[in-house]
Amino acid sequence: MRKCAVFFLLCVMVLSFGAVPASAARYDWRLASEELADSAVDLYAHEFARLLKEKSNGDIQLEVFPHGTLGTPTEMFELALNGAVEFCLIAPGQSSSIIPENQIFLLHFLFSMDDDKNAEFLRKSKAINEKLGAVYESKGLKVLNFFNEGAMYWTANKPLRKPEDFEGVKFRVMPSELLLEIYKAYGASPTAVSFNEVYSGLQLHIIDGQENPPYVIQEMKYMDVQKCLIASKHNIFVMQHLANLNFFNGLPEDIKKIVVESAAEAYPYVNKVQKEMNAQRLDMMVKAFKKDQSLVELTQEEFNAFREIAKKADGKYFEFSRNPEFARELLQEFRQEMAAIEGK
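Residues numbered from 1 in each chain as written. Predicted model: local features only at pLDDT ≥ 70, side-chain atom pairs only at ≥ 80, totals over all residues. Heavy atoms only, no water.

A.B. asks: Whenever I open this one, the sheet that holds strand S5 (residues 153–156) confuses me. Can you help?
C.D. replies: Hydrogen bonds along the backbone pair up the strands of a sheet, which may run parallel or antiparallel. The mixed open sheet is built from four strands, whose spatial order is S8-S5-S9-S11. With one partner strand each, in any of the chains shown, strand S8 (210–212) and strand S11 (294–297) form the two edges of the open sheet. Going from strand to strand, the sheet's axes swing by 25 degrees on average, the running direction of each strand aside. Pairing between strand S9 (residues 228–231) and S11: four bridges, direction parallel. Residue pairing across strands places Cys 228 opposite Ser 294, the latter belonging to S11. (Pairing = 2+ DSSP bridges. Helix = DSSP H or I, 4+ residues; strand = E, 2+ residues; numbered from the N terminus. Axes fitted to C-alpha atoms, helices over the stretch in contact; angles between N-to-C directions.)

A.B. asks: Honestly, the packing of aromatic side chains in this entry has me stumped. Any pointers?
C.D. replies: A ring pair, where both rings are aromatic, is described by two values, the distance of the centres and the angle of the planes. What the rule picks out here adds up to 23 aromatic pairs. Note on Phe 111 and Phe 334: the rings are 5.4 Å apart at their centroids and 80 degrees apart in plane angle, and the pair reads as edge-to-face. Linking Phe 111 in the loop between strand S3 (87–90) and helix H4 (115–124) with Phe 334 in helix H13 (residues 324–342), this pair joins segments that are 223 residues apart in sequence. Across the pair, exposure class does not vary: Phe 111 and Phe 334 are buried alike. For the ring pair Trp 154 and Phe 166, a centre distance of 5.0 Å and an interplane angle of 85 degrees mean the geometry is edge-to-face. You can see Trp 154 sitting in strand S5 and its partner Phe 166 sitting in the loop between S5 and strand S6 (170–173), a full 12 residues away along the chain. Accessibility classification places Trp 154 together with Phe 166 in one group, the buried group. Within the aromatic cluster, the residues linked to one another by ring pairs are Trp 154, Phe 166, Phe 171, Tyr 183, Tyr 186 and Phe 306. The side chain of Arg 123 reaches across the aromatic face of Tyr 267, ending 5.2 Å from its centre. (Phe/Tyr/Trp six-rings, centres within 6.5 Å; stacked < 30°, edge-to-face > 60°. Buried < 20%, exposed > 50% of the residue type's maximum accessible area, 1.4 Å probe, protein only. Lys NZ or Arg CZ within 6 Å of the ring centre and 35° of its normal.)

A.B. asks: I tried to follow H13 on my own but got confused; where do I start?
C.D. replies: Given 3.6 residues per turn, any residue in an α-helix points the same way as the ones three and four places further on. Taking 1.5 Å of rise per residue, 19 residues should cover 27 Å, and H13 covers 27 Å from first to last C-alpha, within 8% of that figure. The complete set of buried residues in H13 reads Phe 326, Ala 327, Leu 330, Leu 331, Phe 334, Met 338 and Ile 341. Down the axis of H13, the sector holding all buried residues measures 125 degrees, keeping them to one side. Contacts from the buried residues of H13 go to H4, helix H5 (126–138) and helix H12 (314–320). (Expected span 1.5 Å × (residues − 1). Arc of directions from axis to C-beta. Contact = heavy atoms within 4.5 Å.)

A.B. asks: It is not clear to me how the pairing of S5 should be interpreted in this structure. Could you clarify?
C.D. replies: Side chains of S5 alternate between two faces, with Tyr 153 and Thr 155 and Trp 154 and Ala 156 buried alike. Relative to S8, S5 runs antiparallel, the two being bridged by three bridges. The residue bridging Thr 155 from the neighbouring strand is Gln 210, located in S8. Of the strand pairs in this sheet, S5 and S9 are connected by three bridges, and their pairing is antiparallel. Bridge assignment links Trp 154 to a residue of S9, and that residue is Ile 230.

A.B. asks: Help me out: how do you make sense of the nonpolar core in this one?
C.D. replies: Here is a general trend for soluble globular proteins: nonpolar side chains tend to be buried in one another's company. Membership of the largest hydrophobic core comes to 119 residues, with the highest contact counts inside it found for Trp 29, Phe 87, Ile 104, Phe 111, Leu 122, Phe 166 and Tyr 186. In contact with Leu 122, not counting residues within four places along its chain, are Phe 105, Phe 111, Ile 128, Asn 129, Phe 146, Phe 147, Asn 148, Ile 236, Val 238 and Tyr 267. (Core = buried A, V, L, I, M, F, W, Y, C linked by side-chain atoms within 4.5 Å.)

A.B. asks: Please clarify how the side chain of Glu 149 should be interpreted in this entry.
C.D. replies: Among the structural elements, Glu 149 can be located in strand S4 (residues 141–151). Although Glu 149 is buried, it forms no salt bridge, and the closest oppositely charged side chain is Arg 281 at an N-O distance of 10.0 Å. When residues no more than four places from it in sequence are discounted, the contact partners of Glu 149 are Glu 35, Val 41, Pro 213, Tyr 215, Val 216, Phe 237, Met 239, Gln 274 and Asn 278. (Lys, Arg positive; Asp, Glu negative; His and termini not counted. Salt bridge = Lys/Arg side-chain N within 4 Å of Asp/Glu carboxyl O.)

A.B. asks: Would you explain the environment of Leu 43 in this entry?
C.D. replies: Structurally, the position occupied by Leu 43 is in helix H2 (residues 40–55). Separated by 226 residues in sequence, Leu 43 and Tyr 269 place their C-alpha atoms 9.1 Å apart. Setting aside its immediate chain neighbours within four residues, Leu 43 contacts Asp 38, Tyr 269, Val 273 and Met 277.

A.B. asks: What is the right way to read the sheet that holds strand S2 (residues 60–65) from this model?
C.D. replies: Within the open sheet, the five strands sit side by side as S2-S1-S3-S10-S4. Their pairing is mixed. If you trace the sheet from one side to the other, it starts and ends with S2 and S4, each paired once. On average, each strand axis in the sheet is inclined to that of its neighbour by 20 degrees, with strand direction left out of account. Here strand S1 (residues 27–33) pairs with S2 via six bridges, running parallel. Bridging across to S2, Arg 30 finds its partner in Glu 63.

A.B. asks: Please explain the packing of H4 against H5 as it appears in this structure.
C.D. replies: Packed helix pairs are specified by the crossing angle of their axes together with the interaxial distance, meaning the distance between the axes. Following both chains from N to C, one finds H4 and H5 inclined at 30 degrees, their axes separated by 5 Å at the closest point. Judged on the interaxial angle alone, H5 and H4 are roughly parallel. In this structure, H4 contributes Phe 121, Leu 122, Arg 123 and Lys 124 to the contact, and H5 contributes Lys 126, Ile 128 and Asn 129. Counted by class, the contact of H4 with H5 contains three nonpolar, one polar and three charged residues. (Parallel < 35°, antiparallel > 145°, perpendicular 65-115°, else oblique. Nonpolar A, V, L, I, M, F, W, Y, C, P; charged D, E, K, R; others polar.)

A.B. asks: Which parts of the structure should I look at to understand helix H11 (residues 300–310)?
C.D. replies: Inspection of H11 places Glu 302, Phe 303, Phe 306, Ile 309 and Ala 310 among the buried residues, and these make up the whole buried set. The arc enclosing the buried residues of H11, seen along the axis, measures out at 125 degrees, which places them on a common side. Exposed side of H11, more than 90 degrees from the buried face: Gln 300 and Glu 301 are the residues found there.

In structure tokens, the structure reads:
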């Protein structure tokens, strides 16, 4: 069924792009993004497009396709994998069926509470940019950036202060075996639901809760149908900027350089944008709360209770990576590098 859907999208794209008059640019490229127009990810995409055009003196034109324009996030990833679009901005959890090793980003309590340290880690880590990046290349994709969209918050219709509070909660997760197991360990009844269907799922009580950074929760209007916003900060939302490898390798060296430089220069921009946007949107949501809505802040003791359970997920990550020796080494290097940055 999924292969049919992707094939249908490919046909629609070929017809659509074929109908558009040729631009003056030497290179006309496409980027599929899983998030809405004007989101932090969308702003990053347009900054990347601006830099490409500027550095190439107008020879490169990048068209950005935001959430809802080219199918589900998983389908967008497959379009990039198949070369139907040159770039995509997709969360690791949406691509873990193809690259199961990337579920390392879904383990809880690996990252710092300091946004700047997380930004430094994601930019400089050899574990993820080189070791894990080589796995992406073996699948036909080049990683241009991993970046942080902000600390994750839970939403639900009751406070989730301790693992026992998750009992019976139908909690939405991305399509990842690991996330399903983590939330089962907390006591929830997790279910994988496409990003496109989360709001309706919450509204119709098909699911009871979900996780996302504050700005995503606000722009998707999840608090319209939820009572509690829980500042769990159990993870950060990592976004991956990927290019089709065959496409990238076929570019002239000067154009490759422009692509890599543009992604590098867009990186500090998106870190600044996401920090400002998350702070602003969190404030907007809290100020708009009704009497029966609340922001729940976990105590250190409550936070630690979830952390202890989450530690047990390492073994599941090794198993679900389908490459346990590699995954074990990757996680060890990840933690060493993160500890070194935290210790500065």
